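Observations on chain architecture
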2 protein chains.
Amino acid sequence: MQSYNEYLSLVNQAIAAINYPPTPANLYAPIAYTMSLGGKRLRPVLTLMSCEAMGGTAAQAIDAAVGLELFHNFTLLHDDVMDRADVRRGQPTVHRRWNDNVAILSGDAMLTLATQHIARVSLKHLAQAVSLFNRTAIEIYEGQQLDMDFETRNDVTVEDYLEMIRLKTSVLLGCACRMGGLLANASAADCDALYDMGVNLGLAFQLQDDALDVWGDPATFGKEIGGDIVNNKKTFLLINALQRAQGEEARELRLWITAPQAPSECKVPALTKLYERLNLRTLSDEAIARYNALALAALARTTMPAPAREAFATLITSLTGRRA
Amino acid sequence: MQSYNEYLSLVNQAIAAINYPPTPANLYAPIAYTMSLGGKRLRPVLTLMSCEAMGGTAAQAIDAAVGLELFHNFTLLHDDVMDRADVRRGQPTVHRRWNDNVAILSGDAMLTLATQHIARVSLKHLAQAVSLFNRTAIEIYEGQQLDMDFETRNDVTVEDYLEMIRLKTSVLLGCACRMGGLLANASAADCDALYDMGVNLGLAFQLQDDALDVWGDPATFGKEIGGDIVNNKKTFLLINALQRAQGEEARELRLWITAPQAPSECKVPALTKLYERLNLRTLSDEAIARYNALALAALARTTMPAPAREAFATLITSLTGRRA
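Every chain begins its residue count from 1, and numbering advances along the sequence as written. Lettering for chains starts from A, numbering for ligands starts from 1, and both go in the order in which the items are written. Predicted model: local features are reported for residues with pLDDT of at least 70 only, side-chain atom pairs are reported and counted for 80 or more only, and whole-chain, interface and lining totals are derived from all residues. Calculation of side-chain values draws on the structure's entire complement of heavy atoms; hydrogens and water are dropped beforehand.

**Observations regarding the overall build of chain A**
Think of it this way: any DSSP run of H or I at least four residues long counts as a helix, any run of E at least two long counts as a strand, and we number them from the N terminus. For chain A, the count of helices and strands is 16 helices and two strands. Dimensions of chain A, computed from the C-alpha atoms along their principal axes, are close to 60 × 50 × 35 Å. Note on definitions: a residue-residue contact is assigned when non-hydrogen atoms from the two residues lie within 4.5 Å. At a minimum sequence separation of 6, the contacts of chain A that also span at least 24 residues come to 73%. Counting 30 positive and 36 negative side-chain charges, chain A places the averaged centre of each group 1 Å from the other. By the counting scheme adopted, Arg and Lys are positive, Glu and Asp are negative, and His together with the chain ends is not counted. By convention, the charge on Lys lies at NZ, on Arg at CZ, on Asp at CG and on Glu at CD.

Structure follows, in structure tokens:
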């Protein structure tokens, strides 16, 4: 096993080596731009780690790993158009730097480029790898559609929310881990355990993201603190707040989320305090700890050797206890 | 060999049998809607015909055929968003009936559904089928980007235009024919000839489409006559007109294409007459005949039996001599 940074470096080298045709520039420059913005590269690193942990080599998995990162960035690109987001990783989003049409079409091309990378796996694994990838992609679109549907629904339960983030965020982490196992010829039981590990890590990761929007360190979070609060985004916190607030607290919550253009410098601290009065920070920490434990339990079900298991356990704990 | 209508019926049955999940409705209903609008189903019919012509069965090729039709309709769906088109096959486009976000996301899902259908081919053909499909998809995005780039370019040559329509339209017909051959285990030479036949058919088909926009029968064309003229769309006709018009005719042409909001009931007949004075109807007919002949020559290079060759020749001639 190598360190996270060593896997990250392999991924970044492979991404830097992608050879985009020079023309049409408006098709390929936005893809190169998006892929150059960096990020944790968590999905491809999980694929490489899972492959090596199950006895394969990083080289066997690098194309599929890059394919998953291309896919992930394609979803961000199209989501940014749909959400009218202006900034991604501190830089203008593609539809802001170019325009919507360029963002739509270069996103489409990224999805096909992703599939091309996945299809470079050895013939022995091709059918399963392509099938896993396509099934995961469909689930992610379902998750994104549910997320958009939630914006206009007033009856979203915590269970609905958890199912949405399972689809939108977590299954790709599960896919990344399973893909590594598959390419290393791991058993079906190992592949299933790797998938469960990834999905539960993804759930913990997203709940952590929701919490960081409220209690994160502005210096390291990368996005503005309180963005979800400003937009009344139905996160784990808001949905639980709507369920738990009674009497005066319920009235205060309704006031803030129905006030048109409440100044964010008032709304964010007010709702943060309300969330704390409702004990949501503890509730959130407990949920994160629960999924973290499920991810570790799935890890324990794999037959990977102890040093690899150790490396995954460290990664899971660091990701779900992150402050940025 | 079966008749076009028999292949069409097989395709429509397979499309009607696609089992979309009931939820999220905003993801799947637009896909079912798009696929229910009908059309010639030319691409899947070409795949089935090519497969049977080369000794295979329609059953071997039906999944890939439906995959290509899903892909084609995905490109139309996203193109309609990019072009702000309101009507497709006489019905509201998805982004008009729902909204842009629904159109973007359900289009993404259609692309993955298309890939899933392609990936259902037998394992023996999987690598080649997926590779052919992905390569073709990338070329089509390149063609669409060039088409959008042309809108703001004033130096588009006839050669540029032909390369754009080769990418945007023709390679998918080539891919459809080659896919059928591939699934029937045809030789590489046969597959190449099938591909060339499809590409040249596609070029003739698109040039015919450009001509029908001007000289088509409004009762059968499906779209409004003169749409390209109204929008100054750089078609084979306008590009040739810009090259050929001299003196008074050049001034008249410039006047019409620079006049802001020229009434279409004046602009369309005026430019139609100008195109005729410049002999563009003949030029267009000659170009269509040339690609028609190239398609027939490629057909002649295949080793398919005479009845199949006959069926293709009839189809090619009818498609490139169509009046609607």
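**Some remarks on the state of the cysteines**
Disulfides are defined in this document as cysteine sulfur pairs within 2.5 Å. Applying the stated rule across the entire model yields zero disulfides over all chains. Cysteine Cys 51 of chain B is unpaired, with the sulfur of Cys 191 of chain B as its nearest cysteine sulfur at 10 Å.

**Regarding the nonpolar core**
Judged by nonpolar contacts, the single largest core of 236 residues is most densely connected at Phe 71, Tyr 141 and Met 179 of chain A together with Phe 71, Tyr 141 and Met 179 of chain B. When residues no more than four places from it in sequence are discounted, the contact partners of Phe 71 of chain A are Leu 111, Ala 114, Phe 133, Ala 137, Ile 140, Tyr 141 and Leu 172 of chain A. To qualify as a nonpolar core, a set must consist of buried Ala, Val, Leu, Ile, Met, Phe, Trp, Tyr and Cys residues joined through side-chain atoms within 4.5 Å. Think of it in three bands: with a 1.4 Å probe and only protein chains considered, a residue is buried below 20% of the maximum accessible area for its type, exposed above 50%, and partly exposed in between.

**Some thoughts on the relation of the copies chain B and chain A**
Between the two copies of the chain lies a relationship made up of a rotation around an axis and a movement along it. Least-squares superposition aligns the copies on the C-alpha atoms of those residues with pLDDT at or above 70 in both. Its rotation angle being 180°, the transformation that places chain B on chain A also includes 0.0 Å of axial translation and leaves an RMSD of 0.1 Å. Classification of the inter-copy transformation places it as that of a two-fold axis. Take the interface residues of chain B: 100% of them recur as interface residues in chain A, which is what a same-surface contact looks like.

**Observations regarding the side chain of Lys 234 of chain A**
Residue and element names in this part refer to chain A. Take Lys 234: it is sitting in the loop between α11 (227-230) and α12 (236-244). The working definition used for a salt bridge is a side-chain nitrogen of Lys or Arg within 4 Å of a carboxyl oxygen of Asp or Glu. Despite being buried, Lys 234 has no salt bridge partner; Asp 155 is the closest side chain of opposite charge, sitting 7.8 Å away. Identification of polar contacts relies on pairs of N or O atoms within 3.5 Å, with a donor-acceptor requirement for protein atoms, meaning one able to donate a hydrogen and the other able to accept it, and with residues adjacent in sequence counted only if both atoms are side-chain atoms. Reaching out from Lys 234, the side chain makes a polar contact with the backbone oxygen of Glu 151 at a distance of 3.3 Å. Among the polar contacts made by the side chain of Lys 234, one reaches the main-chain carbonyl oxygen of Arg 153 at a distance of 2.9 Å. If near-sequence neighbours (up to four positions away) are discounted, Lys 234 is found in contact with Phe 150, Glu 151, Thr 152, Arg 153, Val 156, Tyr 161 and Ile 239.

**Let's talk about the pattern of salt bridges**
Tallying each qualifying case throughout the model produces 31 salt bridges over all chains. Put simply, Asp 63 of chain A and Arg 120 of chain A hold a salt bridge, and the shortest N to O gap is 3.6 Å. Pair noted here: Asp 63 of chain A is in helix α4 (residues 58-83) and Arg 120 of chain A is in the loop between α6 (100-118) and α7 (123-151), with a separation of 57 residues, a long-range link. By relative accessible area, Asp 63 of chain A is classed as partly exposed at 28%. Put simply, Asp 79, Asp 147, Lys 168 and Lys 233 of chain B are held in one network by salt bridges that share partners.

**What to know about the packing of aromatic side chains**
Residues and elements named next belong to chain B. Here a pair means two rings of Phe, Tyr or Trp (six-membered ring of Trp) with centres within 6.5 Å. Their orientation is stacked below 30 degrees between planes, edge-to-face above 60, and tilted elsewhere. Scanning the model with the defined rule gives 10 aromatic pairs over all chains in all. Seen from their ring centres, Tyr 33 and Trp 98 are 5.4 Å apart, and the 75° between their planes marks the pair as edge-to-face. Of this pair, Tyr 33 sits in helix α2 (residues 25-36) while Trp 98 sits in the loop between α5 (94-97) and α6 (100-118), and the two are 65 residues apart along the sequence. Accessibility expressed as a relative area gives 10% for Tyr 33, which makes it buried.

**With respect to helix α13 (residues 247-258) of chain A**
Residue and element names in this part refer to chain A. Across its 12 residues, α13 extends 17 Å between first and last C-alpha, which sits within 8% of the 16 Å expected from 1.5 Å per residue. Among the residues of α13, Ala 250, Leu 253 and Trp 256 are the ones counted as buried. Projection of α13 onto a plane perpendicular to its axis shows the buried side chains occupying an angular sector of 130°, all on one side. Of the residues in α13, the exposed ones pointing more than 90 degrees away from the buried face are Glu 248, Leu 255 and Thr 258. Against the buried residues of α13 lie α12 and α14 (264-277). One less than the number of residues in a helix, times 1.5 Å, gives the span that helix is expected to have. Within this analysis, the arc is defined by the directions that extend from the helix axis to the C-beta atoms.

**Quick word on the confidence of the model for chain A**
Detailed reading of predicted coordinates is not advised where the pLDDT is low. Per-chain confidence: chain A averages 96 in pLDDT, with 99% of residues scoring 70 or above. In the predicted assembly, ipTM is 0.96 and pTM is 0.96. Residue-level confidence of the predictor is summarised by pLDDT, bounded by 0 at the bottom and 100 at the top.

**A short note on helix α3 (residues 42-53) of chain A**
Residue and element names in this part refer to chain A. Given a rise of 1.5 Å per residue, 12 residues ought to cover 16 Å, and the 16 Å separating the end C-alpha atoms of α3 matches this to within 8%. Listing the buried residues of α3 in full gives Leu 42, Arg 43, Pro 44, Val 45, Leu 46, Thr 47, Leu 48, Met 49, Ser 50, Cys 51, Glu 52 and Ala 53. Residues of α3 that are buried sit in contact with α1 (4-16), α4, α8 (158-183), α9 (188-215) and α16 (306-320). Looking at the residues trailing α3, positive phi occurs at Gly 55, about 100°.

**Observations concerning the packing of helix α12 (residues 236-244) of chain B against helix α15 (residues 280-301) of chain B**
All names here are of chain B. α15 packs onto α12 with a crossing angle of 125° between their chain directions and a minimal axis gap of 10 Å. In terms of orientation, α12 lies oblique with respect to α15. Pair α12 / α15 crosses with right-handed handedness. When α12 is examined against α15, the residues Phe 236, Leu 237, Asn 240, Ala 241 and Arg 244 are found in contact with a partner set consisting of Leu 280, Leu 283, Ser 284 and Ala 287. Residue type decides the class: Asp, Glu, Lys and Arg count as charged, Ala, Val, Leu, Ile, Met, Phe, Trp, Tyr, Cys and Pro as nonpolar, and the leftover types, Gly among them, as polar. Looking at the contact of α12 with α15 residue by residue, the class counts come to six nonpolar, two polar and one charged. Lines fitted to C-alpha atoms define the axes, with helix axes restricted to the stretch in contact, and inter-axis angles between N-to-C directions lie between 0 and 180 degrees. If an angle is under 35 degrees, it is roughly parallel; if it is over 145, roughly antiparallel; if it lies from 65 to 115, roughly perpendicular; otherwise it is oblique. Left-handed describes a crossing whose near helix is turned anticlockwise from the far helix through less than a right angle; right-handed describes the clockwise counterpart.

**Some remarks on the interface of chain B and chain A**
The partner chain A presents 37 residues to the 37 residues of chain B that form the contact. Put simply, buried area is how much 1.4 Å-probe accessible surface two parts lose in total, over both of them, once they are put together. A combined buried area of about 3100 Å² lies between chain B and chain A, and 70% of that area is made up of carbon and sulfur atoms. Where chain B packs against chain A, one counts zero salt bridges. Put simply, the parts of the chain that give the side of chain B that touches chain A at least two residues each are α2, α4 (58-83), α6 and α7 (123-151) of chain B.

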